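Topology and contacts: notes
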Amino acid sequence: MKMTFDGKVAIVTGAGGGLGRAYALLLAQRGARVLVNDLGGDFTGQGANPSYAAAVVDEIRTLGGIALANGDSVASREGAERIVAEAMQAWGRVDILINNAGIVTSRGPLWEMADAQWDTDIRVAATGTFQMCRAVWKHLWDKDYGRILNVSSGSFFGMGSGLGYPAAKGATWGITRALAATADHHRKNIRVNCVMPTAASRMTHLLGEDVDAAMKREYLPEAAAPVAAYLVHDEVPCNGEMFRIGGGGFRRVFIGITPGYRSSPADLDMETVRDHFAQAMAVDGYTIPRNSIDALDADAGVDWSAFGPGII
Ligand code: NAI
C-alpha cells in the first residue's frame, strides 16, 4: 500500500530551498497540507526574503498540492507561535513538524570566533527547534497525535572548525531524546526523531568545489526526503532515534553505554581507574538506553525508578 499523508497538516521550517523544499514537496505530493516556512536570509542568517517560501508554495500548487507560505523566523517565540497559528487558522490542526531551518556562521579558529557567530548558530538550530516544539507541543499532547523530526548534523561527531554549529546540532539531539522520553513515559502517540542529513545545498560549497560537485551528482536533497517523510508518517516504528540520511541511504545513529567497570566506592582510586580504563572503553556488551533512568547504573544499589517521571 502506498503511504500517504491524507488529512494531515505539516509544518516544514526552512523549506524555501535545499532539503526543506524536498521534504515539503514530498509531503504535499503524498497528500499533506503543508505550511512552508522560510525566513529567506543568506546561509549565514543575514537578511530576509519571503520569496523563498512563496516559490516552493507555487511549486506545490502547480503539482496540485495544498500549501501556504510563511516568512517568520523560527528563532523567536513570536515567530514560532505565528507559524503554528497560521497552520491552525488555515487547517485547524497540526500533525507534523519538521524542524529543518538551519544556518552555519561559526567557522575558523576558536580564538577568532565572535560571540555573534555562536549566538546566531545557537539561535536558529537550538532555540528555533525549542521554540517550534514548544509552540506546537500542547496541541499535539491534547489531541494525542504528533510526529516531529528534528535536524542534527554529522558535525556533532566532531567538526574541525567552529563551535556554534555542532553545539546547536547537538542540542537538537538532546531535545529529540527529551521529548521522545516524555511522550513514551506518558504513552502518547507522539514520535520525535532526528536526522543527520547529507545533501547538496547552498551550504555545501563550504566543503570545497570538488566535494560540492560530487554531492550535486550523488546527494540531491530528493534522495534524503523519503526517509524524512517516513519518520513523520503515521506508521513510523521508532521514537527518539537518530538516522544518518542522504544519497539514497539511511542508517541508525545511537549513543550506547559500555558495561564498564565497577568497584566498591571506597576501593576506587586513580590507579584502579588507570588499570581498568580499557574495560570501560571496550564496547562488547554495550546497551542503548531509552532514557536517562535507563542510563543510570543498574547495579549501584539505588532504585532509580523512584525518581519517577520528574527526571524525564
Ligand atoms: P539551506 O541553506 O538550503 O536550507 C536552510 C533553510 O533554512 C534556508 O532556506 C534558510 O533561509 C532557512 N532559515 C535559516 N534561518 C531561518 C530562520 N531563523 N527561520 C526560518 N528559516 C530559516 O541548507 P540545507 O543544506 O538544505 O540545510 C537544511 C538543514 O539540514 C539545516 O538545518 C542544516 O543545518 C542541516 N544539515 C544539512 C547538511 C547538508 O549536507 N546539506 C548536513 C548536515 C545538516
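Residues numbered from 1 in each chain as written. Predicted model: local features only at pLDDT ≥ 70, side-chain atom pairs only at ≥ 80, totals over all residues. Heavy atoms only, no water.

What follows deals with the environment of D212. Structurally, D212 is set in helix α6 (residues 209-218). The sequence separation of D212 and A199 amounts to 13 residues, and the corresponding C-alpha distance is 9.4 Å. Residues in contact with D212, not counting those within four places in the same chain, are S201, T204 and H205. There is a polar contact of 2.8 Å between the side chain of D212 and the side chain of K216. (Helix = DSSP H or I, 4+ residues; strand = E, 2+ residues; numbered from the N terminus. Contact = heavy atoms within 4.5 Å. Polar contact = N/O pair within 3.5 Å; in protein donor to acceptor, adjacent residues only side chain to side chain.)

In this section: the pairing of strand β5 (residues 146-151). Most of β5 is tucked away: six of the six residues are buried. Burial of β5 is two-sided: the residues G146, I148 and N150 facing one way and the residues R147, L149 and V151 facing the other way are all buried. In terms of strand pairing, strand β4 (residues 96-99) meets β5 through four bridges, oriented parallel. Bridging across to β5, I96 finds its partner in R147. What joins β4 to β5 is helix α4 (residues 115-143), and the crossover it makes is right-handed. Pairing analysis gives six bridges linking β5 to strand β6 (residues 190-197), with the strands arranged parallel. (Buried < 20%, exposed > 50% of the residue type's maximum accessible area, 1.4 Å probe, protein only. Pairing = 2+ DSSP bridges. Right-handed = clockwise from strand over helix to strand, strands pointing away.)

Moving on, we come to the environment of R77. Secondary-structure assignment places R77 in helix α3 (residues 77-91). As a C-alpha pair, R77 and C133 span 56 residues in sequence and 11 Å in three-dimensional space. With near-sequence residues (within four places) excluded, R77 lies in contact with Q131 and R134.

As a further point, take the site of the ligand. Looking at the ligand, there are 28 residues lining it, with D38, N100, Y165, S201 and R202 nearest. Between the ligand and L19 there is a distance of 2.9 Å, counted from an oxygen atom to a backbone nitrogen or oxygen. Between the ligand and A199 there is a distance of 2.8 Å, counted from a nitrogen atom to a backbone nitrogen or oxygen. Contact with the protein chains removes 95% of the 820 Å² of surface that the ligand exposes when unbound. Broken down by secondary-structure element, the contributors of at least two residues to the shell around the ligand are α1 (18-29) and α5 (164-185). Residues of the shell around the ligand, tallied by class, amount to 11 nonpolar, 13 polar and four charged. (Near = heavy atom within 4 Å. Areas by Shrake-Rupley, 256 points an atom, 1.4 Å probe, with all protein chains shown as cover. Nonpolar A, V, L, I, M, F, W, Y, C, P; charged D, E, K, R; others polar.)

If you check the domain split of the chain, you get domain 1 (9-253) and domain 2 (265-307). Listed as interface residues are six residues of domain 1 and, on the opposing side, four residues of domain 2. On the domain 1 side of the interface with domain 2, the three residues burying the most area are R177, A181 and R252, jointly 69% of the side's total. In this structure, the connection of domain 1 to domain 2 is made through two salt bridges. R290 is the salt-bridge partner of D184, the closest N and O atoms lying 2.7 Å from each other. In this assembly, domain 1 and domain 2 are joined by four residue pairs in polar contact (both at pLDDT 80 or more). If you tally residues by element for the side of domain 1 that touches domain 2, the top one is α5, at three residues. (Domains from an automatic or database assignment. Buried area = accessible area lost by both parts, 1.4 Å probe. Salt bridge = Lys/Arg side-chain N within 4 Å of Asp/Glu carboxyl O.)

Looking now at the state of the cysteines. Applying the stated rule across the entire model yields zero disulfides. For C194, which is in no disulfide, the shortest distance to another cysteine sulfur is to C133 and amounts to 10 Å. We note that C238 lacks a disulfide partner, and the nearest cysteine sulfur, in C194, lies 11 Å from it. (Disulfide = S-S within 2.5 Å.)

Here eight strands make up an open sheet; going across it, the order is β3-β2-β1-β4-β5-β6-β7-β8 and the pairing mixed. Across the chains shown, the open sheet's two edge strands, defined by having one partner strand only, are β3 (66-70) and β8 (249-253). Between one strand axis and the next, the sheet turns by 20 degrees as a mean value, whatever way the strands run. In the sheet, strand β1 (residues 9-12) pairs with β4 via three bridges, with the strands oriented parallel. Counterpart to A10 in the pairing with β4 is I96. Against the sheet, helix α2 (residues 51-62) touches β2 (33-37) and β3, its axis set at about 175 degrees to β3. Sitting on the sheet, α3 is in contact with β1, β2 and β3, with an inclination near 145 degrees to β3. (Axes fitted to C-alpha atoms, helices over the stretch in contact; angles between N-to-C directions.)

What follows concerns the pairing of β1. Residues V9 and I11 line one face of β1 and the alternating positions A10 and V12 line the opposite face, and both faces are buried. Bridge analysis of β1 against β2 gives four bridges, and the strand direction is parallel. Bridging from a neighbouring strand, V12 pairs with V36 of β2. Assessed by its sense of winding, the connection that carries the chain from β1 through α1 to β2 is right-handed.

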